[in-house]
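Chain by chain, the residues run as shown.
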Amino acid sequence: MSKQQLTPAQIEQYNQDGYLILRGFLNQEEVSKLYQIAIDDKAMSKNAINVNDSTGKRSKLSLWYKPGDDVYGLLTRSESLVNSVNQLLDGDAAVCHFHSKLMQKEPKVGGAWEWHQDYGYWYKNEFLLPDQMMSVMVAVTDANIENGCLQVIKGSHKMGRVEHGFSGEQVGASQHYVNLALQTMGLVFVELNAGDVLFFHSNLLHRSEANLSDKARWSMISCYNRASNFGFNENSSNSASITPIDVVPDDALLTWETSGLVEEGAGFLAKDADVALK
Ligand SMILES: O=C(O)CCC(=O)C(=O)O
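What this report covers is the structure whose coordinates are included nearby. (Residues numbered from 1 in each chain as written. Predicted model: local features only at pLDDT ≥ 70, side-chain atom pairs only at ≥ 80, totals over all residues.)

**With respect to the site of the ligand**
- Neighbouring the ligand are the residues K101, M103, W113, D118, L150, H206, S208, S219 and I221.
- Residues that form the shell around the ligand fall into these classes: four nonpolar, three polar and two charged. (Near = placed C-beta within 6 Å. Nonpolar A, V, L, I, M, F, W, Y, C, P; charged D, E, K, R; others polar.)

**Quick notes on the nonpolar core**
- Of all hydrophobic cores here, the largest spans 67 residues; its most connected members are V136, F199 and Y224.
- Here the element with the most residues in this core is strand β6 (residues 133-139); it accounts for six residues.
- Beyond its immediate sequence surroundings of up to four residues, V136 is in contact with L81, V85, V197, F199, I221, S222 and Y224. (Core = buried A, V, L, I, M, F, W, Y, C linked by C-beta atoms within 7 Å. Buried ≥ 20, exposed ≤ 12 C-beta atoms within 10 Å, placed from the backbone. Helix = DSSP H or I, 4+ residues; strand = E, 2+ residues; numbered from the N terminus. Contact = placed C-beta atoms within 7 Å.)

**Points about the sheet that holds strand β7 (residues 150-153)**
- Pairing is antiparallel across the open sheet formed by four strands, whose spatial order is β5-β12-β7-β10. Two strands close off the open sheet at either side, each with one partner strand: β5 (113-116) and β10 (187-190). The mean angle between the axes of side-by-side strands here comes to 25°, regardless of whether they run parallel or antiparallel.
- Where β7 and strand β12 (residues 206-208) come together, three bridges link them in antiparallel fashion. (Pairing = 2+ DSSP bridges. Axes fitted to C-alpha atoms, helices over the stretch in contact; angles between N-to-C directions.)

**Some remarks on the environment of Q132**
- Relative to the helices and strands, Q132 is located in the loop between α6 (118-122) and β6.
- For Q132, a count of 20 C-beta atoms within 10 Å translates into the label buried.
- Taking the C-alpha atoms as reference points, Q132 and D251, separated by 119 residues in sequence, lie 27 Å from one another.
- When neighbours within four sequence positions are excluded, Q132 is seen to be in contact with L89, D90, G91, N225, R226, S228 and N229.

**Re the environment of D246**
- Locating D246 in the fold gives a position in the loop between β13 (217-226) and α8 (252-255).
- Remark: the alpha-carbon pair of D246 and N179, spanning 67 residues in sequence, is separated by 41 Å.

**Quick notes on the sheet that holds β6**
- In spatial order, the strands read β1-β11-β6-β13-β4-β3-β2; together these seven strands make up an open sheet with antiparallel pairing. Both outer strands of the open sheet, β1 (19-22) and β2 (49-52), are each paired with one neighbouring strand and no more. On average, adjacent strands in this sheet sit at an angle of 25° to one another, irrespective of strand direction.
- Both β2 and strand β3 (residues 58-64) contribute to a ladder of four bridges, which runs antiparallel. From the neighbouring strand, N50 faces β3, where its bridge partner is K60.
- Against the sheet, helix α1 (residues 8-17) touches β1 and β11 (197-201), its axis set at about 135° to β1.

In structure tokens form, the structure reads like this:
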């Protein structure tokens, strides 16, 4: 795993574009361990939620709140990842974990995600400071145009939050504002190799296409917040988003005894919960 601090140029790029890619953040051994554990993980598949897109194609995701000593938690809590998030988020309070998701877009059936901003959802949880929130996508498999990689509108985080409303089973951003943004801002297909990491601002407009290929597209997305950014409408039993992360060394991912998620401790999002608000 890369141990380097982000450079001022990388921080500037994140602030300008609303996202930053770090290539090869995980080495081959780390990403294979993550992938092997993820595909065999019974707790993860048992807690997977199906989300249909407007054409009826279906993506699966599993969402949990507490990052533990399992392979995902050790990555979410790893020193390099948390330090990078700390360099990118506005403010200086401790970095906390809001939630993590394993996104499972299976070959041929994995569905699309509508244009949205993550803060379009998190605003409803009454977090007040979008600059203190971000998502980090770790590519567990390669992600490319064929298997429905993430698309972003470069610089769109500077628009602030736009209106969101229901679009089928998903919540999407106002298409009018998306169309306006696309007139002046660049559409970028974020192709990643397994092990690459994408950091993106909570107001960055993003979407993805269905996976029509014969290759799965899996990724883990961890969402971070600062302890100073209280979610007034967050479930009071979930204090993770304002609890400072217990950081672990980068080598824990490979050297600690790890497995899949332990269901009891993880705080999975219930299968009947409204995933559109996450
Ligand atoms: O994984 C994807 O394709 C989209 C995920 C996404 O947009 C999200 O979780 O906010």
